[in-house]
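# Structural features, examined
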Amino acid sequence: MPCTTSANGGWLRSDLRFAPADRSGLAAPAVARFLLQRVALGALVIVFASALTFFFVNLAPGGPASIMRFDVSPEQREALIRLMGLDRPVPQRYMEWLAGALHGDLGTSLLTNEPVTGRIADRLPNTLTLAGSALLISIVLGIPIGVVQAVRRGKPIDHLLSLVSAIGLSVPVFWLGIVLILVFAVSLHVLPSAGVTSVSSDTFGDRLAHLVLPAIALATTILPTVARFTRSSMIEVLHEDYVRTATSKGLRPRTVMMRHALRNALIPVVSAIGALVPRLIGGTVVTEAVFGWPGMGRLALEAAQGRDYPLVTGLTVVVAAIAVVATLLVDLAYTRIDPRLRLA
Amino acid sequence: MNRLGFAALIVLATVAAFAVAGPVLWTIPPEATDAIHGLAGPSSVHPLGTDELGRDMLSRLLHGSRVTLLVGLAAMLAAIVIGVLVGAVAGFKGGWIDGALMRFTDAMLAVPAFFFILVVITVLGTGVGTLILVIGALSWMPVARVVYGETLRWKTAEFVVAAESLGVAGPRLLLRHILPQAIPSLIVSATLGVAFAILTESALSYLGLGVQPPLPSWGNMLQRAQLYVFTAPALAIYPGLAITIVVLAFNFLGDGLRDALDPRRRR
């Protein structure tokens with residue numbers, strides 16, 4: 001049963017393609033159960049992330065408890081401790097924090113005294129725009145690149161694209177960002193180097209122009225892997241009997257490729273993309289720093305530099321939730337692509 | 001091993017030689033400032049020019065290579081230790097221990113590790129030791145998966161069952177008979193792990209959360225370089241190229257080793 005694979009065990013799911021015929025008995029309820037199981041697992045992952053972060057922050061030396069050592073009068077210290085609730089045991093505080101979090105209250109930022117939820121909500125759309133665009137670029141470019149490589153396997157174009165992929169995997173995102181700024185903003189003056197919009201003109205075109213370089217930089221964190229996965233999956237599928245059958249019964253090569261080969265080859269690729277989402281979101285920290293993009297990644301950086309514990313905890317949980325939801329969406333796409341999961 | 005793998009090995013050997021011998025032969029200290037000659041271009045005294053404080057770029061690159069390579073290797077070792085422990089115990093013990101450990105691994109993979117790294121640094125502060133542990137603690141999951149798979153695969157192999165029936169049991173069975181089978185896969189994981197660790201170290205150092213100045217690392221050299229990218233782009237080019245070349249070499253070496261060590265992959 002595919003349902004037993006792990007929350008992000010996408011890689012393992014490539015064996016689905018060769019699954020025995022007994023799965024033909026899968027009915028619509030199986031899909032519902034598959035998705036339900038995914039939702040439950042996802043919720044567990046979010047709770048896990050929050051617990052790990054909360055307990056680490058509160059138990060490690062140097063955490064909020066270190067204000068005990070601040071150079072303040074005993075009365076002030078006492079007041080601070082009570083204000084932050086540090087006089088109560090950590091598990092109890094975690095349960096309270098979790099109860100608050102379920103109601104959208106992630107505590108108060110130490111740096112600005114604003115609610116953490118509000119500070120994150122301000123930045124959320126920018127990060128989603130950036131990460132979403134990068135994901136789109138990776139899919140729209142990565143899959144065709146992989147297909148071209150598989151079809152032209154061993155030819156110069158395959159080697160060239162493999163080399164480009166390998167370089168893409170090895171270039172530090174932030175350095176690529178700097179180089180992109182150097183080339184497109186400094187030398188060619190065609191694209192802006194930082195921010196979300198220009199001060200003078202806040203139009204859609206202007207926003208799009210600001211998005212191009214950061215999205216490209218961020219996309220390189222996963223695009224080469226998407227291409228590699230598509231290539232190897234496609235090569236495997238092209239060896240299958242049904243592809244040979246389709247070719248030998250006289251179908252146009254294009255039809256064989258698109259309808260017979262690619263469709264099956266995409267199944268493991270989709271789960272690979274799901275597994276890459278956390279990496280993509282992690283990449284926003286560096287990308288946003290390079291391009292002065294006011295998103296959650298930069299907020300996390302500010303929180304880390306300013307030792308803003310509630311903010312950094314809230315951010316980690318929200319980011320984990322985003323990764324989980326994105327993976328769920330991939331699972332949903334999965335049931336669409338793999339007819340064995342959809343039809344009885 | 002394929003030609004790319006060999007080329008990568010030669011590149012890495014050269015870089016290692018530079019890291020070991022470079023700072024000995026090129027005696028300008030990386031911290032020595034020469035404010036009058038700040039942001040200077042290449043000259044006979046400073047073959048790669050100087051940075052904004054007039055520090056010699058060649059010396060900083062050479063000293064930085066030591067820091068970057070050491071942090072990369074140490075973080076990889078930490079990841080291997082944790083990954084082998086988790087993967088081997090889960091695969092060998094089975095049952096609920098297997099379930100708990102591997103679900104833990106999955107959960108760690110499902111959340112963006114970079115944000116966890118920021119959490120840890122927020123609490124523990126910056127430092128080379130922290131950096132190594134943090135990168136190791138958040139990149140062991142692929143290793144655990146690989147070792148887990150190998151352990152499951154070999155646990156039921158005939159020679160292991162034979163050893164077991166001769167009375168070999170417990171840790172000895174795992175260490176002497178099962179884990180050695182995982183070494184080829186581990187070597188590949190380790191090689192690719194160094195590449196990942198170097199990329200993470202450089203990103204954190206670039207953000208000011210990794211190796212702290214005045215100690216140079218390739219990552220923190222880029223931190224200030226971005227400020228001067230308009231006037232002195234060379235400052236940003238050298239360290240970035242160095243990181244890319246070394247990471248690329250580790251990736252090619254890993255791929256080459258995988259092809260050489262795992263016949264199933266050869267297609």
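Residues numbered from 1 in each chain as written. Chains lettered and ligands numbered in written order. Predicted model: local features only at pLDDT ≥ 70, side-chain atom pairs only at ≥ 80, totals over all residues.

### Regarding the overall build of chain A
Across its full length, chain A holds 13 helices and zero strands. When the helices and strands of chain A are listed from N to C terminus, the series reads α-α-α-α-α-α-α-α-α-α-α-α-α. Counting only residues that meet the buried cut, chain A has 41% of its 344 residues in that class. Pairs at least 24 residues apart make up 74% of the contacts formed inside chain A by residues separated by at least 6 positions. (Helix = DSSP H or I, 4+ residues; strand = E, 2+ residues; numbered from the N terminus. Buried ≥ 20, exposed ≤ 12 C-beta atoms within 10 Å, placed from the backbone. Contact = placed C-beta atoms within 7 Å.)

### Here we look at the overall build of chain B
Looking only at helices and strands, one finds eleven helices and zero strands in chain B. Element order for chain B, N to C, with α for helix and β for strand: α-α-α-α-α-α-α-α-α-α-α. Along the three orthogonal principal directions, the C-alpha set of chain B runs to about 75 × 45 × 30 Å. The burial tally for chain B puts 50% of its 267 residues in the buried class. Across chain B, contacts joining residues at least 24 apart in sequence account for 67% of those joining residues at least 6 apart.

### Focus on helix α8 (residues 223-238) of chain A
Residues and elements named next belong to chain A. Counted at 1.5 Å a residue, the expected span for α8 with its 16 residues is 22 Å, and the 22 Å between its end C-alpha atoms agrees. All of the buried residues in α8 are Leu223, Pro224, Val226, Ala227, Arg228, Phe229, Thr230, Arg231, Ser233, Met234 and Val237. The inward-facing, buried residues of α8 abut α4 (116-151), α5 (156-170), α7 (204-219), α9 (241-248) and α10 (253-291). (Expected span 1.5 Å × (residues − 1).)

### Some thoughts on the interface of chain A and chain B
Listed per partner, the contact involves 45 residues of chain A and 40 residues of chain B. Among the elements of the structure, α1 (28-59), α5, α6 (173-187), α10, α11 (296-305) and α12 (309-337) of chain A are those that each provide at least two residues to the side of chain A that touches chain B. If one sorts the elements of the side of chain A that touches chain B by residue count, α12(A) sits on top with nine residues. Residues belonging to the side of chain A that touches chain B are distributed by class as follows: 34 nonpolar, ten polar and one charged. (Nonpolar A, V, L, I, M, F, W, Y, C, P; charged D, E, K, R; others polar.)

### Focus on the environment of B:Gly256
Residues and elements named next belong to chain B. Positionally, Gly256 belongs in helix α11 (residues 234-261). Along the sequence, Gly256 and Leu109 sit 147 residues apart, while their C-alpha atoms lie 26 Å from each other. With near-sequence residues (within four places) excluded, Gly256 lies in contact with Met1, Asn2, Leu4, Gly5 and Ala8.

### Some details on the environment of A:Val330
Residues and elements named next belong to chain A. Mapped onto the elements of the fold, Val330 is located in helix α12. With 249 residues separating them along the chain, Val330 and Ile81 place their C-alpha atoms 44 Å apart. If near-sequence neighbours (up to four positions away) are discounted, Val330 is found in contact with Val270, Ser271, Ile273 and Gly274.

### Quick word on the nonpolar core
The biggest cluster of nonpolar side chains holds 168 residues, and the ones touching the most others in it are A:Phe174, A:Ala300, A:Leu315, A:Ala323, B:Ile117 and B:Leu118. Among all residues touching B:Leu118, those that are not within four sequence positions of it are A:Val285, A:Ala300, A:Ala304 and A:Val312. (Core = buried A, V, L, I, M, F, W, Y, C linked by C-beta atoms within 7 Å.)

### With respect to unusual backbone geometry
For the peptide bond that leads from B:Pro213 to B:Pro214, omega is 10°, which places it in the cis range. A positive phi angle is found at A:Arg307, which is not glycine, with a value near 50°.

### Focus on the confidence of the model for chain B
Caution applies to low-pLDDT parts of the model: their predicted coordinates are not meant to be read in detail. All names here are of chain B. Scored by pLDDT, chain B comes out at a mean of 83, with 94% of its residues at no less than 70. The secondary-structure element of chain B with the lowest mean pLDDT is helix α8 (residues 170-178), recorded at 81, while helix α5 (residues 128-137) shows the highest, at 90. This complex was scored by the predictor with a pTM of 0.84 and an ipTM of 0.84. (pLDDT = per-residue confidence, 0-100.)

### Focus on the packing of α4(A) against α5(A)
Working note: a packed helix pair is described by the angle between its axes plus the distance between those axes. Residue and element names in this part refer to chain A. Two numbers describe how α4 lies on α5: the axes approach to 8 Å, and their chain directions differ by 140°. Accordingly, the angle class assigned to the pair α4 and α5 is oblique. Crossing hand, α4 versus α5: left-handed. On α5, the residues touching Ile145, Val148 and Gln149 of α4 are Ile157, Asp158, Leu161 and Ser162. Along the lines of polarity and charge, the residues of the contact of α4 with α5 split into four nonpolar, two polar and one charged. (Axes fitted to C-alpha atoms, helices over the stretch in contact; angles between N-to-C directions. Parallel < 35°, antiparallel > 145°, perpendicular 65-115°, else oblique. Left-handed = near helix turned anticlockwise from the far one by under 90°.)

### Quick notes on α5(A)
Counted at 1.5 Å a residue, the expected span for α5(A) with its 15 residues is 21 Å, and the 21 Å between its end C-alpha atoms agrees. Looking only at α5(A), the buried set comprises A:Ser165, A:Leu169 and A:Ser170. Buried residues along α5(A) cover an arc of 130° about the axis, so they all sit on one side. Exposed and oriented more than 90 degrees from the buried face of α5(A) are A:Pro156 and A:Leu160. Contacts from the buried residues of α5(A) go to α8 of chain A together with α9 (183-206) and α11 of chain B. (Arc of directions from axis to C-beta.)

### Observations regarding the confidence of the model for chain A
All names here are of chain A. Mean pLDDT over chain A stands at 79; residues scoring 70 or higher make up 83%. Mean pLDDT in chain A bottoms out at helix α13 (residues 339-342), which sits at 62, and peaks at α4, which reaches 91. Counting interchain partners and residues more than four positions distant, the pLDDT-below-50 stretch residues 1-25 has 38 contacts.

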